[in-house]
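What the coordinates show
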Amino acid sequence: MKTSMIKALIRKDWLLHRKTFVLFAVMALLSVAIFAVESTKAFYLAMSLLLTMVILIGALLVFSSVVNERKEHTLPFVMSLPITIYDYTLSKMLFNLGAYLAAWLLLLGCTVALFMTQAHLPNGLIPMAVIVLLQLLLSFFLVLGAALVSGSEKVTIVVTTLTNVSVSLFMFWAGSFDGIYEHLSGDVAVWNRSSLGFVVSEVVLAVMIVAGTFYLQSRKKDFI
Amino acid sequence: MSNTLAIQMEAVSKNYPHFKLSDINLSLETGQIMGLIGPNGAGKSTTIRMLMGLIHQDSGVVNVLGQSMPKQQVAAKWQIGYASEDLRLYGKCDLQWHMDYMKSIYDSWDATYAQTLLKRFDLLAQHPIKGMSHGQRVKAALLLMLARRPKLLILDEPTTGLDPVARHEVINELMDVLLEGDRSILFSSHNTQDVEQLSDQITFIDKGRVIASDDKESFVSSWRRLRLQVDASTAVPEMQGVVAQRRVGNQMIITTKKYNDHLTQHYQQCGAVVQSVEHMTLEEIFVSEVQASRLTQSPGDVA
């Protein structure tokens, strides 16, 4: 692995996709701003928009930087450079995770700050918000891994759809969990065994998905 | 591996459920140009992708510029220029963006040569790739590859789909590349005319096997088509090197891959009148090789 080549690959992806990424990130921030409006309708609107934007940013990154590279036959150009499959995978992971995490952390920070500063929003929702945002991060890792390993647009679309559908189901399930449900409308964010259990499980699963992606990529004998 | 070999493949095989590449042996000396000819689905692209480390062989040895593939592909790829029919550049960027990107990676990038190629290929650096014709895109990809002055060019069907003028420009440029003695080219094509024009060595590949590999002169000098006039009673024996023997009435057409003067004398001694001895084009030689190879191959040999 040569660091300069990994940097060159990441720089390429950033130059190619930065405009769309910034546009979506701004739209996501605007949806966070709606939380400041003191109304139940505004709260649900902001939540829906925020989730949609985070999901869209993830999909945009994966489809434009991984799926389209195969679909539009620019992958042979990339692979003609002095890199290995491992270098390629690492650069895609770093670019996608870096870009997604930048947007995700910004949204996480803004969301938590809003809950803490706005009197009409109960702080008890903070653990739930963190758990749901982590689930989105996990879904992104899964979609990225599926795109890299399968190299298939169809598989990536199916995984993206399934993970998106699972968000609302997951919210419903996690929100009804003992140890979480009773604190949602409370004034204090309660980090108990249940909420921390969710957070730790999600982080462990995310690490496993990344490791699994590298493992499966390393076993590939045919890349193009 | 010998230091004078740019490419060496020994007993290389690769199995897929519906295709098998078997026992591929190839060698290309430094400074030489090899044309890889085969019909669609013969295994040309698979062979080339193995040389680039993009496909790993199941068995056998692949060495490129002294580096073992796929393990040492990074070291080899610094010195390899690769272009294939299915290679595309980024549509929403212009050629200048691509040139700047390559320049940022390769210390060997020759900006003066890149400008020369822009003029020779009649390309505009600010022209977005998506607005280019197929010929312009192929030439743009070749420019990006040539301007970094690689020691080995590996080209998969580089002239496919090009109009005659663009083909001429590309072939001329490739011939110029070889003026620098330590550079080598392997290119695949099913256009025998291009291969004949460019190559020192020619390899025919069909159904995943190398069916013949030799220098161009040997192919051209050893293959002949003989037209004989024979009586109904004349028995013409099968000679060594004859790959096809067709008799229609009193006419007989013999295709041989081992022509020499003794052959005509022998037919004359058998009572045949040799009406003509014709040179064959590379395309005719290729078709004859493929047909002969398929005749000698049992159905079970082919995946």
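Residues numbered from 1 in each chain as written. Chains lettered and ligands numbered in written order. Predicted model: local features only at pLDDT ≥ 70, side-chain atom pairs only at ≥ 80, totals over all residues. Heavy atoms only, no water.

1. Some remarks on the pairing of strand E12 (residues 242–248) of chain B
Residues and elements named next belong to chain B.
- Of the strand pairs in this sheet, E12 and strand E13 (residues 251–256) are connected by six bridges, and their pairing is antiparallel. Counterpart to Val248 in the pairing with E13 is Gln251.
- Once E12 ends, the chain turns through two residues before running back antiparallel as E13, passing Gly249 with a positive phi of about 60°. (Pairing = 2+ DSSP bridges. Helix = DSSP H or I, 4+ residues; strand = E, 2+ residues; numbered from the N terminus.)

2. Topic: the pairing of strand E3 (residues 33–37) of chain B
Residue and element names in this part refer to chain B.
- The buried fraction of E3 amounts to five of the five residues, a majority that puts the element mostly inside the structure.
- Burial along E3 is two-sided: the residues Ile33, Gly35 and Ile37 and Met34 and Leu36 are all buried.
- Of the pairings in the sheet, the one linking E3 to strand E8 (residues 184–189) comprises five bridges and is parallel in character. Considered in E8, the bridge of Ile37 is made with Ser189. (Buried < 20%, exposed > 50% of the residue type's maximum accessible area, 1.4 Å probe, protein only.)

3. Focus: the environment of A:Ser201
All names here are of chain A.
- Its location among the elements puts Ser201 in helix H7 (residues 193–218).
- A residue is classified by how much of its surface remains accessible, and Ser201, at 41% relative accessible area, is partly exposed.
- With 61 residues separating them in the primary sequence, Ser201 and Phe140 have C-alpha atoms 16 Å apart.

4. Quick notes on the packing of aromatic side chains
- For the structure on display, the rule yields 16 aromatic pairs over all chains.
- Measuring from centroid to centroid gives 5.4 Å for A:Trp173 and A:Phe198, while their planes differ by 75°, and the two rings are edge-to-face. Separated by 25 residues along the polypeptide, A:Trp173 in helix H6 (residues 153–175) and A:Phe198 in helix H7 bring together distant segments of the chain.
- The exposure class of A:Trp173 is partly exposed, given its relative accessible area of 46%.
- Here A:Phe198 falls in the buried class, since its relative accessible area comes to 10%.
- Each ring, one from B:Phe204 and one from B:Phe286, has its centre 5.2 Å from the other, and the planes form 45°; the classification is tilted. (Phe/Tyr/Trp six-rings, centres within 6.5 Å; stacked < 30°, edge-to-face > 60°.)

5. Describing the domain arrangement of chain B
Residues and elements named next belong to chain B.
- What the domain assignment lists for chain B is domain 1 (5–218) and domain 2 (223–301).
- Each of domain 1 and domain 2 was reduced to a C-alpha centroid, and the two centroids are 36 Å apart.
- Both sides of the domain 1 and domain 2 interface together cover about 1100 Å² of buried area, and 61% of this is carbon and sulfur.
- Among the residues of domain 1 in contact with domain 2, Thr192, Phe204 and Ile211 are the three that bury the most area, contributing 39% of the side total.
- Arg294 serves as the salt-bridge partner of Asp206, at 2.8 Å between the closest nitrogen and oxygen.
- The interface formed by domain 1 and domain 2 contains three residue pairs in polar contact (both at pLDDT 80 or more).
- Broken down by secondary-structure element, the contributors of at least two residues to the side of domain 1 that touches domain 2 are helix H7 (192–198), strand E9 (201–206) and strand E10 (209–215).
- Of the residues that constitute the side of domain 1 that touches domain 2, the class distribution is seven nonpolar, two polar and five charged. (Domains from an automatic or database assignment. Buried area = accessible area lost by both parts, 1.4 Å probe. Salt bridge = Lys/Arg side-chain N within 4 Å of Asp/Glu carboxyl O. Polar contact = N/O pair within 3.5 Å; in protein donor to acceptor, adjacent residues only side chain to side chain. Nonpolar A, V, L, I, M, F, W, Y, C, P; charged D, E, K, R; others polar.)

6. Focus: the sheet that holds E8(B)
Residues and elements named next belong to chain B.
- Here six strands make up an open sheet; going across it, the order is E6-E7-E8-E3-E9-E10 and the pairing mixed. Where the open sheet ends on each side, the last strands, each with one partner, are strand E6 (80–84) and E10. In this sheet, neighbouring strand axes are inclined to one another by 15° on average, regardless of whether the strands run parallel or antiparallel.
- One ladder, built from five bridges, connects E6 with strand E7 (residues 152–156); its direction is parallel. Looking at E7, one finds that Ile80 is bridged to Leu152. (Axes fitted to C-alpha atoms, helices over the stretch in contact; angles between N-to-C directions.)

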